[in-house]
Amino acid sequence: MRYLAFGVWNTFFAWLAFALIWNIGESFAPLWTLVAIAHGVATTQAFWVQRRWVFKAESDPLAAQYLRFQGVFLGLLGIGMFMLEALHAQGVHPLAGQVLVMATQAASGFLLGRSFTFSAEPFRLQWLGMRIAAALRGTGVVWLAFLASLAIFYRVLARPFYASLEHVGHDFALSATGLLEGRFWLQSNGLIAGLFNPPWFTPAWCAGAAFFTDPQAGFFSPVQWLALALDPFQAIEVGTLFFAALAFWGGYLVARRLLGWQAPGALVFAILGMAHAFMPLRSAVGESGYQPLYVWPWLLLALCWPAQAGWRGKLVGPVLGVTLALTAWLHFGFAGMMVPSFLGVMLLGLVLVLTGRARFDLLLARAALGGVLAIALNGSKLYEAASLMRNFPRDFYGMPGFAALQDALVAPVMALLLPSQWTTFFGMRRLSGVQFSVLPHEWALEFGLGALAVALVAGAWVLQQRRQGIRTATAEAHLLAPAPFGALRWLLWAGVLLLLVLPPLLLWNQGAVREMLKQIPILNSAAWPMRWIVIYVPLVQWLLAWPVQQVLARLPVQQHAWWYALGAGAVIWLGQALAPNSYYLDPHIQAYDPKPVLRAHSQSLRAGAMPLERIEITPERGLARNDAMLDGASQAYCYNPLYGYRLEAFPQPGRLRPGPALALDAAGQSMIFNPACLVHPAENACQPGDGFRMDDPAQRQAAENFVARKPFAWQRPWLGQVLSWVSQGLFWLILCLLAVRLWQALLSAALPPGTGNPPPADRHMA
């Protein structure tokens, strides 16, 4: 109660201090400087109050306590600066925003102050170093294998596809210009304002189009962040390295924590994840939005992490992990693959339940609660994307398929194990209903011939050992024991079977499942059923690594396991190095010219965002249609899959003509589209394809802002506005919780080993 009473006073005093300092310095000092000064005044006053009346710790040295207090609250200063700058960028007055900042700091301040500032135990950096060293002990071989694997990945699956300055993958026509447009938005608005007012729309192509509203937009992806410092091609290349590292360490933790494997076996599982060709080969043709697949091990960890004591250990942390993984998929540009990828994670999760490695109740609860929280956190994005897809469903394409069911069963096996160019030859001869060429990158899901060879040799050895009656005495025997769920076990097997048969049924053009998919909103835009093969990726990675783990567990001298694991990893990488990849390097197919984008990027470093001034209609640009933005024009004859691959759904094409973007048509509308009409035509009193009404001053200002890549006012239904508020509130809540928890964990690690954090009993609150 003492802290509550004095906490109210400290919060009120902090707000008054900021209000006074802000009124004095707003005209000549940046906001972050004023926040820092006010923070110093407020925390000094709060220290004196907490030391004397809350924790009654006046017997300890004053100077040491004060420095510790300021050090502990340094993290809260960073949170406060960032939060206030972001709220101010969204139009919140600094004095109002400071109320929210103060409330956040007050709620977290007691926990940090009670545990660290006035704790009986000092915290020092040497304890933090000791804990880090202990955590890394025994992982030297894993780190060396990771660095070697990353170097091989770069040499085999990354650098060759980005080395040419003459031609790169064909889909860079969309991804490279998209990354450049994201950079232009941030340059036009500033980093904080640009991030917290995302570019819902862009004037750069299609005479004005959806951008962040598009479900596959990756504005918040690591690749877009990299594009702030690198050119778009370098950003995508480095992005492959980032997600390859994510695949390695996520796979290693899955094998160690969930499967219970020894470190050498976990290393093989991790190398398989990094060597999987889906992400690097998709990126090679410019489809960087597929890189986030390798969030899947981290999602599986959150779903199946062993239960900890208390409800927080069982649900809060894991549910938050599920929420963040799903949010990453959505905002990293992976929305089009989220459903099959999530089903793939659930498939392996059910297998873990059936083998006694996970609890079904926790798996189900975490998936449900994490999914609901992810929907709430991303409600605004999801609502606007669903509204856009409702107006442009792109449901007019059929899906290619196999006439024979056996071909639909064989194709996924080939795609997962053999080079994509080989699987393409198989598909070319047997697929029917093909509207567009099914090229090798659509089949690029292979773990490779090296992984297949390792699994077959290890599996044959294990079978031979079992025939001789030799079985492992390790915990791996428990891995194959069924989970004791009684009748529920049969339902779990039914779920596994349903997920296993789904991709072949979608590939078989005689099945009713394809027709059902075409009746589901958003999913009915699918044109490539082979992408559903990704459901098998987590399970197949486990199946390929499992025989190797069995071999390693049976070795009489466990020290030899590392050499066997490294040898298996070398064979896996050799298979990928020898795989044919001529399609991904063919200058006649991967024919996008990167030089205009590189020149525009170089120019933006010197002069900022490139202005957009006119509408262009030039079909002769071919693959480089969207490059018109690099010349200051918005190409009406654009490359935008939302409107169809041949622009079948492009709105009102007859209204446009080449010329200034703000020129008027016969109805007094601007040539450039009012993009809000693409999403909410009724609320904005227009139809998709309409321009801004230039006789309306507010509409004219909106048009000028849109062309200048600035936020502009547009109308949305009441539900969209409510979801926007909910999304923002949950974002700040989760961000602050994570930041405070991370800071608390860092400080906890700096306490002496074996000591607790709470202060002595006589210092507890009354």
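Residues numbered from 1 in each chain as written. Predicted model: local features only at pLDDT ≥ 70, side-chain atom pairs only at ≥ 80, totals over all residues. Heavy atoms only, no water.

> Just to check I follow, could you spell out the pattern of salt bridges for this structure?
A side chain with one charge may pair with a side chain of the opposite charge, provided their charged atoms come close. Under the definition given, this model contains 12 salt bridges. A salt bridge links Arg359 to Asp361, with the nearest nitrogen and oxygen atoms 2.8 Å apart. Assessed through its relative accessible area of 39%, Arg359 is described here as partly exposed. Between Arg655 and Asp665 there is a salt bridge whose closest N-O contact spans 2.8 Å. Of this pair, Arg655 sits in the loop between β6 (633-635) and β7 (659-660) while Asp665 sits in the loop between β7 and β8 (669-673); the two residues are 10 residues apart in sequence, bridging distant segments of the chain. Using a relative accessible area of 14% as the deciding quantity, one classes Arg655 as buried. If you follow the salt bridges from partner to partner, you end up with Arg282, Glu287, Glu442 and Arg531 in one network. (Salt bridge = Lys/Arg side-chain N within 4 Å of Asp/Glu carboxyl O. Buried < 20%, exposed > 50% of the residue type's maximum accessible area, 1.4 Å probe, protein only. Helix = DSSP H or I, 4+ residues; strand = E, 2+ residues; numbered from the N terminus.)

> Would you mind showing me how to read the packing of aromatic side chains here?
The description of an aromatic ring pair uses the distance of the two centres, along with the angle that the planes make with each other. Scanning the model with the defined rule gives 39 aromatic pairs in all. With a centroid separation of 6.0 Å and an interplanar angle of 50°, the aromatic rings of Phe692 and Phe706 are classed as tilted. With Phe692 in strand β9 (residues 691-693) and Phe706 in helix α30 (residues 697-707), this pair connects stretches of sequence that are 14 residues apart. With respect to class, Phe692 is no different from Phe706; both count as buried. Site record: aromatic cluster; members linked through ring pairs are Trp200, Phe201, Phe212, Phe219, Phe220, Phe692, Phe706, Phe712 and Trp714. Looking at Lys381, its charged tip hangs above the ring of Phe212, at a distance of 4.4 Å from the centre. One Lys or Arg, Arg489, reaches over the ring of Trp490 and ends 5.9 Å from the middle of that ring. (Phe/Tyr/Trp six-rings, centres within 6.5 Å; stacked < 30°, edge-to-face > 60°. Lys NZ or Arg CZ within 6 Å of the ring centre and 35° of its normal.)

> Got a minute to help me understand the packing of helix α16 (residues 338-354) against helix α17 (residues 360-377) in this structure?
Between two packed helices, the angle of one axis relative to the other and the distance separating the axes together describe the packing. Two elements in contact, α16 and α17, have axes separated by 10 Å at closest approach and are oriented at 160°. Viewed along their axes, α16 and α17 adopt a mutual orientation that is roughly antiparallel. Seen from above, α16 lies across α17 with right-handed handedness. Within the contact between the two elements, α16 uses Phe342, Met346, Gly349, Leu350 and Val353 and α17 uses Phe360, Leu363 and Ala367. Each residue belonging to the contact of α16 with α17 can be placed in one class, and the counts come to 7 nonpolar, 1 polar and no charged. (Axes fitted to C-alpha atoms, helices over the stretch in contact; angles between N-to-C directions. Parallel < 35°, antiparallel > 145°, perpendicular 65-115°, else oblique. Left-handed = near helix turned anticlockwise from the far one by under 90°. Contact = heavy atoms within 4.5 Å. Nonpolar A, V, L, I, M, F, W, Y, C, P; charged D, E, K, R; others polar.)

> Would you explain the layout of surface pockets in this entry?
The method is simple in principle: a probe with the dimensions of a water molecule rolls over the atoms, and the space it marks as empty is what remains. Approximately 1400 Å³ is the volume found for the second largest pocket. Lining the second largest pocket are 42 residues; nearest its centre among them are Gln90, Leu195, Phe196, Pro198 and Gln728. Contributing elements (two or more residues each) for the lining of the second largest pocket: α4 (74-89), α9 (191-196), α15 (310-331), α18 (379-391) and α31 (718-749). The element best represented in the lining of the second largest pocket is α31, accounting for 11 residues. A per-class count over the lining of the second largest pocket returns 27 nonpolar, 12 polar and 3 charged. (1 Å grid on protein atoms, 1.4 Å probe; cavity = no way out; pocket = protein on both sides within 12 Å on 5 of 7 lines; lining within 4 Å. Points joined across faces, edges and corners; volume = space filled by probe spheres on them.)

> What should I look at first to understand the state of the cysteines in this one?
By definition, a disulfide is the covalent link that joins the sulfur atoms of two cysteine residues. Counted according to the given criterion, the structure contains 2 disulfides. The disulfide partner of Cys206 is Cys638, and the gap between their sulfur atoms is 1.9 Å. On the sign convention where negative means left-handed, the S-S torsion of about 100° between Cys206 and Cys638 marks this disulfide as right-handed. With Cys206 in the loop between β1 (201-202) and β2 (209-210) and Cys638 in the loop between β6 and β7, the pair connects residues that are 432 residues apart, well separated along the chain. (Disulfide = S-S within 2.5 Å.)

> When you look at empty space enclosed by the protein in this model, what are you seeing that I'm missing?
In total, this model carries 3 cavities of 30 Å³ or more according to the counting rule given. Size it by volume and the second largest cavity reaches roughly 80 Å³. Lining the second largest cavity, in full, are Val156, Leu157, Phe161, Ala277, Leu281, Ser420, Glu446, Gln576, Ala579, Pro580 and Asn581.

> So what exactly am I meant to see when it comes to the pairing of β8 here?
Walk down a regular strand and you will see the side chains alternate between the two sheet faces. In terms of burial, β8 is a largely internal element, 5 of the 5 residues being buried. In the sheet, β8 pairs with β9 via 2 bridges, with the strands oriented antiparallel. In the sheet register, Phe673 faces β9, and the bridge partner there is Gly691. (Pairing = 2+ DSSP bridges.)

> What exactly am I supposed to notice about helix α25 (residues 537-554) here?
Given 3.6 residues to a turn, an α-helix orients residues that are three or four positions apart in the same direction. Over its 18 residues, α25 extends 27 Å from the first C-alpha to the last, a length consistent with the 26 Å expected when each residue adds 1.5 Å. Maximal helix bending in α25 amounts to about 30°, located at Trp546; proline Pro547 follows within four positions. Across the 18 residues of α25, 17 count as buried, placing the element largely inside the fold. (Expected span 1.5 Å × (residues − 1). Bend = angle between axes of the 7 residues up to and from the residue.)

> Can you help me understand the sheet that holds β7 in this one?
Strand-to-strand pairing in sheets goes through backbone hydrogen bonds, with the strands running parallel or antiparallel. Spatial ordering of the open sheet is given by β6-β5-β7, a layout of 3 strands whose pairing is mixed. Two strands close off the open sheet at either side, each with one partner strand: β6 and β7.

> Explanation requested: the environment of Trp22 in the structure shown.
Among the secondary structure elements, Trp22 is positioned in helix α1 (residues 2-25). Residue classification places Trp22 among the buried residues on the basis of a relative accessible area of 11%. Remark: the alpha-carbon pair of Trp22 and Ala38, spanning 16 residues in sequence, is separated by 8.6 Å.

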